[in-house]
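Letter by letter, the chains look like this.
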Amino acid sequence: MDIALLVLRVVIGLLFVGHGAQKLFGWFGGHGLAGTAGWLGSMNLKPAPLWAFAAGASEFFGGLFLTLGLLTPIGGIAVIAAMLVATLLVHLQNGLWNTNGGYELPLVFSAGALTLILAGPGAYSLDALLGIAVPGSITLVAALAALGSAIYLVASRRAATQTATATNEA
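Residues numbered from 1 in each chain as written. Predicted model: local features only at pLDDT ≥ 70, side-chain atom pairs only at ≥ 80, totals over all residues. Heavy atoms only, no water.

*Asks:* What's the story with the packing of helix α1 (residues 2-25) against helix α5 (residues 104-119) in this structure? I'm lost.
*Replies:* Angle between the axes and distance between the axes are the two parameters that describe a pair of packed helices. Viewed as axis vectors pointing N to C, α1 and α5 meet at an angle of 130°, and their least axial separation amounts to 10 Å. Viewed along their axes, α1 and α5 adopt a mutual orientation that is oblique. Regarding α1 and α5, the two cross each other, and that crossing is left-handed. In this structure, α1 uses L5, L8, R9, I12, L15 and F16 to contact α5, whose residues at the interface are F109, G112, A113, T115, L116 and A119. (Axes fitted to C-alpha atoms, helices over the stretch in contact; angles between N-to-C directions. Helix = DSSP H or I, 4+ residues; strand = E, 2+ residues; numbered from the N terminus. Parallel < 35°, antiparallel > 145°, perpendicular 65-115°, else oblique. Left-handed = near helix turned anticlockwise from the far one by under 90°. Contact = heavy atoms within 4.5 Å.)

Here you go:
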């Protein structure tokens, strides 16, 4: 079981480190903070530079925490939050399947991260080595904060889009 958790942590974690590095630093074919902010701004997310940093940091550090098995529930929550926002803002309208730009891949990543939150990181992790167990109350507060941020972001985008539409129609 510990080897299986290690494989899951490393695969999901490193993929998210890469996604975050694309957004933060422009590595691996990414567009960096300026490009990510421009893209998010084009979707009426304000302030776009803040949300670009939040997206990149959530993916990069969430992925790093999962890879290392350090503060595993916090890393998992960061990954799920990033995938929730991506699903709601980009993928949901395209249906399930990834071939149509759907939410299949974010759902799989979220399921893997949730599995790690529920099962723990396993014996081959910094949490196990250092004897770290994130209390359930802290995990709950972090999850609620991430959910609240995602809801705020989606709601503020909808409000900005409605305002822009009303202005254009006037």
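*Asks:* Can you walk me through the packing of helix α4 (residues 72-91) against α5 in this structure?
*Replies:* Two numbers describe how α4 lies on α5: the axes approach to 9 Å, and their chain directions differ by 160°. By the criterion of interaxial angle, the relationship of α4 to α5 is roughly antiparallel. Like other packed secondary-structure pairs, α4 and α5 cross with a definite hand, here left-handed. Residues T72, P73, G76, I77, V79, I80, M83, T87 and H91 of α4 lie in contact with α5, whose contacting residues are P106, F109, S110, A113, L114, L116 and I117. Each residue belonging to the contact of α4 with α5 can be placed in one class, and the counts come to 11 nonpolar, five polar and no charged. (Nonpolar A, V, L, I, M, F, W, Y, C, P; charged D, E, K, R; others polar.)

*Asks:* Whenever I open this one, the nonpolar core confuses me. Can you help?
*Replies:* A general trend in soluble globular proteins is that nonpolar side chains are found buried together. The biggest cluster of nonpolar side chains holds 12 residues, and these are A37, L40, M43, L45, A48, W51, A52, V85, L89, A150, L153 and V154. Mapped onto this core, the elements with two or more residues apiece are α2 (32-42), α3 (48-68), α4 and α7 (136-169). The contacts of A52, once residues within four sequence positions are left out, are L33, T36, A37 and L40. Formed by 11 residues, the second largest nonpolar core is a distinct cluster that contains L5, I12, F16 and L66. (Core = buried A, V, L, I, M, F, W, Y, C linked by side-chain atoms within 4.5 Å. Buried < 20%, exposed > 50% of the residue type's maximum accessible area, 1.4 Å probe, protein only.)

*Asks:* Sorry if this is basic, but what is going on with the side chain of T67 here?
*Replies:* Note that T67 resides in helix α3. Of the residues examined, T67 reaches a relative accessible area of 15% and is grouped as buried. Filtering out sequence-adjacent residues up to four positions away, T67 remains in contact with R9, V10, G13, L14 and V17.

*Asks:* What am I meant to see in the packing of aromatic side chains here?
*Replies:* The description of two aromatic rings rests on the distance between their centres and on the angle between their planes. Across all of its chains, the model carries five aromatic pairs by this definition. Ring geometry for F60 against F61: centres 5.1 Å apart, planes inclined by 85°, an arrangement best described as edge-to-face. With a relative accessible area of 15%, F60 lands in the buried category. Linked through ring pairs, F25, W27, F28, F60 and F61 together constitute an aromatic cluster. (Phe/Tyr/Trp six-rings, centres within 6.5 Å; stacked < 30°, edge-to-face > 60°.)

*Asks:* Looking at this model, I keep getting lost on unusual backbone geometry. Mind explaining?
*Replies:* Glycine aside, residues mostly have negative phi angles, and peptide bonds mostly take the trans form. Here K46 and P47 are connected by a cis peptide whose omega angle stands at -10°. Relative to the helices and strands, P47 is located in the loop between α2 and α3. Here F28, not a glycine, exhibits a phi torsion of approximately 55°, which is positive. Residue placement: F28 occurs in the loop between α1 and α2. By relative accessible area, which is 62% here, F28 ends up exposed. Of note, N44 is a non-glycine position whose phi angle comes to about 65°, a positive value. Tracing the backbone shows N44 in the loop between α2 and α3.

Just distances and angles here, no functional claims.
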